[in-house]
Amino acid sequence: MVRLPLTPEEVARGQRLGALLRRARGKRSMLDVALAARVSPETLRKIESGRVATPAFPTIAAIADVLGLSLDEVWAEISRPDAGDARAGSPHGAREQLAS
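Residues numbered from 1 in each chain as written. Predicted model: local features only at pLDDT ≥ 70, side-chain atom pairs only at ≥ 80, totals over all residues. Heavy atoms only, no water.

## Comments concerning the nonpolar core
Membership of the largest hydrophobic core comes to 19 residues, with the highest contact counts inside it found for L17, L21, I63, L67, L69 and V74. Elements supplying a minimum of two residues to this core: α1 (8-25), α2 (30-37), α3 (41-49), α4 (57-67) and α5 (71-79). Among the elements that make up this core, the one with the highest residue count is α4 (5 residues). (Core = buried A, V, L, I, M, F, W, Y, C linked by side-chain atoms within 4.5 Å. Buried < 20%, exposed > 50% of the residue type's maximum accessible area, 1.4 Å probe, protein only. Helix = DSSP H or I, 4+ residues; strand = E, 2+ residues; numbered from the N terminus.)

## A look at α5
All buried positions along α5 are accounted for by E73, V74, E77 and I78. Along the long axis of α5, the arc covered by the buried residues comes to 115°, so they all point the same way. Exposed side chains of α5 directed beyond 90 degrees from the buried face belong to D72 and W75. (Arc of directions from axis to C-beta.)

## Some details on α2
M30, V33, A34 and A37 are the residues of α2 that are buried. End-on, the buried residues of α2 take up no more than an arc of 95°, which puts them together on one face. Looking at the buried residues of α2, the elements they touch are α1, α3 and α4. Positive backbone phi, approximately 60°, marks R38, located one or two places after α2. (Contact = heavy atoms within 4.5 Å.)

## Here's the deal with the pattern of salt bridges
Side chains carrying opposite charge are able to pair once their charged atoms draw close together. In the structure shown here, the tally under the stated rule is 4 salt bridges. Salt-bridge contacts for R23 lead to E77; the nearest nitrogen and oxygen are separated by 2.4 Å. Highlighted residues: R23 in helix α1 and E77 in helix α5, separated in sequence by 54 residues. Here R23 matches E77 in class, with each residue buried. (Salt bridge = Lys/Arg side-chain N within 4 Å of Asp/Glu carboxyl O.)

## Concerning the side chain of R25
As for its position among the elements, R25 is in helix α1. Judged by relative accessible area, R25 falls into the buried class, the value being 14%. In this structure the side chain of R25 is engaged in a polar contact, spanning 2.8 Å, whose partner is the backbone oxygen of R28. Look past the residues within four positions of R25 in its chain and what remains in contact with it is M30, V33, E48 and L67. (Polar contact = N/O pair within 3.5 Å; in protein donor to acceptor, adjacent residues only side chain to side chain.)

## Thoughts on the side chain of E48
Within the secondary structure, E48 sits in helix α3. What makes E48 buried here is its relative accessible area of 3%. When sequence neighbours within four positions are dropped, the list of residues in contact with E48 reads G18, A19, L21, R22, R25 and M30.

## Overview of the packing of α2 against α4
Between α2 and α4, the least distance of the axes is 8 Å, while the angle of their chain directions is 120°. Relative to α4, α2 is oriented oblique. At the point where α2 passes α4, the crossing takes the right-handed sense. Between α2 and α4, the residues in contact are V33, A36 and A37 and A62, I63, V66 and L67, respectively. Considered class by class, the residues forming the contact of α2 with α4 number 7 nonpolar, no polar and no charged. (Axes fitted to C-alpha atoms, helices over the stretch in contact; angles between N-to-C directions. Parallel < 35°, antiparallel > 145°, perpendicular 65-115°, else oblique. Left-handed = near helix turned anticlockwise from the far one by under 90°. Nonpolar A, V, L, I, M, F, W, Y, C, P; charged D, E, K, R; others polar.)

Have a look at this one:
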C-alpha cells in the first residue's frame, strides 16, 4: 500500500499531539508511560517528537488513558491551529486552555 504524503495541516496536528503528550507526561519517564499504555517506548518517542503525525487511534487512546486525558481533550487540543503555543511549559496546558 502506498501512503500519500501528509498535508501541512496533518503534520502540524501531529506536532500539537506530541506537545500535548509531552506536557501531560510531565516528569514521568517515557518508558513508564509507554509500558503502562502497552506501546513501545520508541512509538511514544516518535509520536511525541511529531515523527509519527497520524498514529493509530487505539495507540492514542491507550496513551491518553495512562496520562489521564480524555479523548475529547486530546481532540480539542490538536484541532486548534494555535493549540499549545501559549502554555507550552505547563504539564496540563490542554486542561487549562479548555477551562479558560
